[in-house]
Structure formats: structure tokens, C-alpha cells
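Take a look at the letters that make up each chain.
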Amino acid sequence: MLKRKENETLNTENNNEENSSLVSEPSVTFTDEKETDNKKVKEDKNPQKLTDSEGFAISSDDKITISEDSPDYAKDIEKARIEYNKERRVFKYISYVILGFSVLAIIILFVFAAPIKDYGIWICLGSVVFLLVLIYLYNSLSKKHLIKKATEYIKVYYNLTNEQIFDDKEHFSDISVDTNGIVDKEIIATSRIYKNVENIGARNLITFKYNNIESNKVLDFTLSDVGLQRRGEKRMQSVFVGKIYYIKHNLQLPGRALLQCKSESDLVYKINDVDDLESIIESNKTVLFSNLNKIKAIFTASIINKIESFKYDNSLLDVVISISKDYIFIGLDYNDDIMSNASSLDKGINYDIIERLKEENLKAVEIISELQEKLEKNYNNAE
């Protein structure tokens, strides 16, 4: 199981139930360790807080108070979010009442029933067992119900936000969204971006067609939220949590390439599966490794500039690109403010993030499309 926050789960095994595990308190965070080169960096999983004036549409009460700047679809998301929040609080308050009643009942029983000769203690013990069973049954039923409600909310969130991200019908078509879908992990593994990746978590599987108007070609894309983990000295370490796009290029390339363009954040984990590759570009911001003999005709100055034009900050940590024998991948490595936006249950959804994802989605797709064209031009026949 891969988590950045206690209430935000990327499932590595089963996405049916635990994928929407939002039943815990949304304010809980945790820290993780990443190794960068020979040093360890303690990750700050609680990035700078955004204020209500920076895109949040609603306060933490139960009223839908959409701001004038919020998009039209915000009301439907907030309605689903608030409905889930209400039920979550009701179940929490009921659990407090049951716990308080149980404690009071146990005290009364031991004060008045325990002194009864011969069978008083058995009355107490039987009552305690009954209360424990009651608490267990309530917790089990409430958890099952809240997971169902959380799944419904997550589905509403992803369906509506993905409609906005892919609303450019001129470029995007045949969009299929499966919030519980799991990307093919064997394909992700062929990207060979990081060494010793043991866990691949995934959710929100999307397939779509991209129409490159200039070349008049249509490409079949797969996109998914993906988390990659490797085993550290003490525990599993996140090396990537973000969105990965890929297409199949059908060129049977004789080699591969890895590129990373990064922010200055200490949370960036450097690409390292490069033992069989040569260093082509190495700067403070961008590195490129490859064993393809025509790599400079693929990663031209213009495409490097386009990759570097992403807004690298504490939200978008880095962009990684892998060209393998059969696929082209681009990964946008995000921090928690982006990846946990759906589970901002008390604070509210930051809709500015959706607009940012929309812009970066198109740019990522355009980059892959351009790389595909250059590969076809230079490697129509595998060498």
C-alpha cells in the first residue's frame, strides 16, 4: 500500500474497497524518507497551505457557498463532498455516544451488579462481551458504508474534473475513465526510470485518443495516477507519485533514453536506472541519458525548451520521460497538494489545481506526440 496521506491511498493490490479509504481524518499526514544521492532527506508532506482566496470554493461548513470564480461543475462536486462529510461526522458522533454509553454501562454494572453473590461477576463479564461485540459490529458496518460513500464521491470528483481536463474536443476523443481501474504494471515497469522499484500503485485509469492536427495523426494514450516505491533501509520510500502517460510506438527501438527536468525541491528523486546509458545532457535542471545513436535528433533544443517550460515548484516536483523499446512515457511527479486534492474533505477542493492539470495535460500529450514524430522519422526501421 502506498500513501502520501493517511486518507489518500494508491492501491497496489486491490482497488475495489481500499482505493477510496477516506474514512480516516483528512488532516492526518505522515512523513516519508527519500534518498537523494548519498544523503537522506526527510520529506515535508505538508506543503505550504493555500488560502481560501487561492482557488478554494467552499469553507468547512455544510453549506455550498461556491465563489463567483469557481467553475460550473464545482457545485456537483461540493454537493457530493458535503454529503459524504455529513455522513462521516454522523457516524463519528454516534461512535462517541456508543463508546460513552458502554463505559458508563460497565461502570454501573461493576458498581451494582458485581457485588451480587455467585453470579454478579458473570453478569458483568457477559455485559462487557456484549458491548464489545456491539461496538465491533457498528464499526464494521459504518466503515463499509463510509467506504461506499467515499467511492461514490471519488467517482463524481474524477468524472467531472476529467471532463474539464479533456474538454478540448478538437484534440481529444474516445475518452474512457475508470476511477478504480489499474494500469498495466508490467508496462510501467518497462519504463526503467528508477532502480529497484518494488511497489507500483495506481488508480484513475484513463484511455483517450489525441488528434495531432498538424500531422493529421491520431495517437492512443493511456494515463493513470501512479505511485512508485523502492525499499529503503527502514521502510518503503516513495520515488514518484503523480501522473504517467504512455503510448506504444511500434518501432522496436535498439536502445532507450531517460530524461528528467526537475525543480529545486529536496523531494525530487533523481532517475538512476542509467548504468547502460551515456550522459547526453547534464545541467542543474535537466539531465538526459541514452544509448540511441540518434538521440540528439529526438531531443532537440525546441523540445527540451518545451519540457523545461513546465512550472516547476513545490507542486510539480519534476518531469521524467522514458523512451523504451516499445513505449514512450512521460511522468509528472506531483506533491500532495495536487495528488490529494480530491480528499480535501474539510477544506474544500482547490479548483485552480484542475485548471493547472488541464494545461499540463495538454503539454504532456503534445510532447509525447512530438517525440513520436521524431522517432518515426529517425527509426522507421529498427537498427
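Preceding block: the structure.
A few points on the structure.

1. A short note on unusual backbone geometry
- The backbone of aspartate 174 sits at a positive phi, close to 50°, despite the residue not being glycine.
- Of note in this structure, asparagine 196 is not a glycine but carries a positive phi near 60°.
- Looking at where asparagine 196 falls in the secondary structure, it is placed in the loop between helix H3 (185-189) and strand E6 (197-212).
- When its relative accessible area of 55% is taken as the criterion, asparagine 196 is described as exposed.

2. Points about the packing of aromatic side chains
- Within the structure shown, the criterion is met by 14 aromatic pairs.
- Residues tyrosine 246 and tyrosine 327 carry aromatic rings whose centres are separated by 5.7 Å and whose planes lie at 90° to one another, so their mutual orientation is edge-to-face. Taken together, the positions of tyrosine 246 in strand E8 (residues 236-248) and tyrosine 327 in strand E13 (residues 327-334) put the pair 81 residues apart, joining distant regions of the chain. With respect to class, tyrosine 246 is no different from tyrosine 327; both count as buried.

3. What to know about the environment of lysine 243
- Mapped onto the elements, lysine 243 comes out in strand E8.
- Remark: the alpha-carbon pair of lysine 243 and tyrosine 334, spanning 91 residues in sequence, is separated by 7.8 Å.
- Residues within four places of lysine 243 in sequence aside, it is in contact with Asn204, Leu223, Ser224, Asp225, Ile330, Gly331, Leu332, Tyr334 and Leu357.
- At 2.7 Å, the side chain of lysine 243 forms a polar contact with the side chain of aspartate 225.

4. Thoughts on the pattern of salt bridges
- Tallying each qualifying case throughout the model produces 18 salt bridges.
- Here arginine 81 ties to glutamate 78 by a salt bridge, and the two come within 2.8 Å at their closest N and O atoms. With arginine 81 and glutamate 78 both in helix H1 (residues 74-113), this residue pair falls 3 residues apart, about one helical turn.
- We note a salt bridge from aspartate 313 to arginine 356, for which the minimum N-O separation is 3.0 Å. Pair noted here: aspartate 313 is in the loop between helix H5 (301-308) and strand E12 (316-323) and arginine 356 is in helix H7 (residues 351-378), with a separation of 43 residues, a long-range link.
- With relative accessibility at 21%, the residue aspartate 313 sits in the partly exposed group.
- Overlapping salt bridges bring together Glu83, Glu87, Lys149 and Glu152 as one network.

5. Examining the pairing of strand E7 (residues 217-231)
- Counting buried positions along E7 gives 11 out of 15 residues, so the element sits mostly inside the fold.
- Sheet analysis places E6 next to E7, joined by 13 bridges and oriented antiparallel. Looking at the pairing, asparagine 212 lines up with lysine 217 of E7.
- Taking the residues that link successive antiparallel strands as the turn, the E6-E7 hairpin has 4 residues, and the phi of asparagine 216 there is positive, at about 60°.
- In this sheet, E8 lies alongside E7 in antiparallel orientation, the contact comprising 10 bridges. When the sheet's bridge partners are listed, glycine 227 is paired in E8 with valine 241.

Criteria and cut-off values
- Residues numbered from 1 in each chain as written.
- Predicted model: local features only at pLDDT ≥ 70, side-chain atom pairs only at ≥ 80, totals over all residues.
- Heavy atoms only, no water.
- Helix = DSSP H or I, 4+ residues; strand = E, 2+ residues; numbered from the N terminus.
- Buried < 20%, exposed > 50% of the residue type's maximum accessible area, 1.4 Å probe, protein only.
- Phe/Tyr/Trp six-rings, centres within 6.5 Å; stacked < 30°, edge-to-face > 60°.
- Contact = heavy atoms within 4.5 Å.
- Polar contact = N/O pair within 3.5 Å; in protein donor to acceptor, adjacent residues only side chain to side chain.
- Salt bridge = Lys/Arg side-chain N within 4 Å of Asp/Glu carboxyl O.
- Pairing = 2+ DSSP bridges.

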